[in-house]
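Reading the structure
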Amino acid sequence: MSAEQMTNTFNWWSERATTTHTGCWIPHSPAPIDSPYKLIRVNKTNKREYLHRLAWMVANKKRIPARKGFVVRHTCNNPHCFNPYHLIIGTKEENEADKYRINRPVTVETTGWKGL
């Protein structure tokens, strides 16, 4: 996927989002029931990416080094948010530590996600 494809897709989605009082960008169309994250098609080859990951890559003009265990973390504690100012890169361990530090239980009630 080219940088231009990523940027065009990000721009399209950012125009179709609601901004919350905390500055979170929430896509108008919901995420799938089995995940709190919006999975989108990026190009005509059906390459799919999570919207928050795409937002981070476009804003930072680089790819996420997936093989090294990096994830995109939400500083706003809202998994639906794709505002690049609310996203930071980190490890899976840091992401898990975030959950415990802010006392966020991972439940269907808090995330709407039934994948656990």
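Presented here is a report on the structure given in the accompanying data block. This one's a predicted model, so the numbers in the text were calculated from it and none came from an experiment.

Moving on, we get to the packing of aromatic side chains. Following the criterion strictly, the structure yields one aromatic pair and no others. Ring centres of Trp 25 and Phe 82 lie 5.7 Å apart, and the angle between their planes is 75°; this geometry places the pair in the edge-to-face category. In this pair, Trp 25 sits in strand 2 (residues 25–27) while Phe 82 sits in the loop between strand 5 (70–74) and strand 6 (87–91), placing the two residues 57 residues apart along the sequence. The class for Phe 82 is buried, based on a relative accessible area of 1%.

Moving on to unusual backbone geometry. Residue Lys 61 is not a glycine yet carries a positive backbone phi of 55°. Position of Lys 61 relative to the elements: it lies in the loop between helix 2 (51–60) and strand 5. Residue classification places Lys 61 among the exposed positions, given a relative accessible area of 76%. A positive phi angle, close to 65°, is found at Asn 77, a residue other than glycine. Of note, Asn 77 is situated in the loop between strand 5 and strand 6. On the accessibility criterion, Asn 77 (31% relative accessible area) is partly exposed.

What counts as what
Residues numbered from 1 in each chain as written. Predicted model: local features only at pLDDT ≥ 70, side-chain atom pairs only at ≥ 80, totals over all residues. Heavy atoms only, no water. Phe/Tyr/Trp six-rings, centres within 6.5 Å; stacked < 30°, edge-to-face > 60°. Helix = DSSP H or I, 4+ residues; strand = E, 2+ residues; numbered from the N terminus. Buried < 20%, exposed > 50% of the residue type's maximum accessible area, 1.4 Å probe, protein only.

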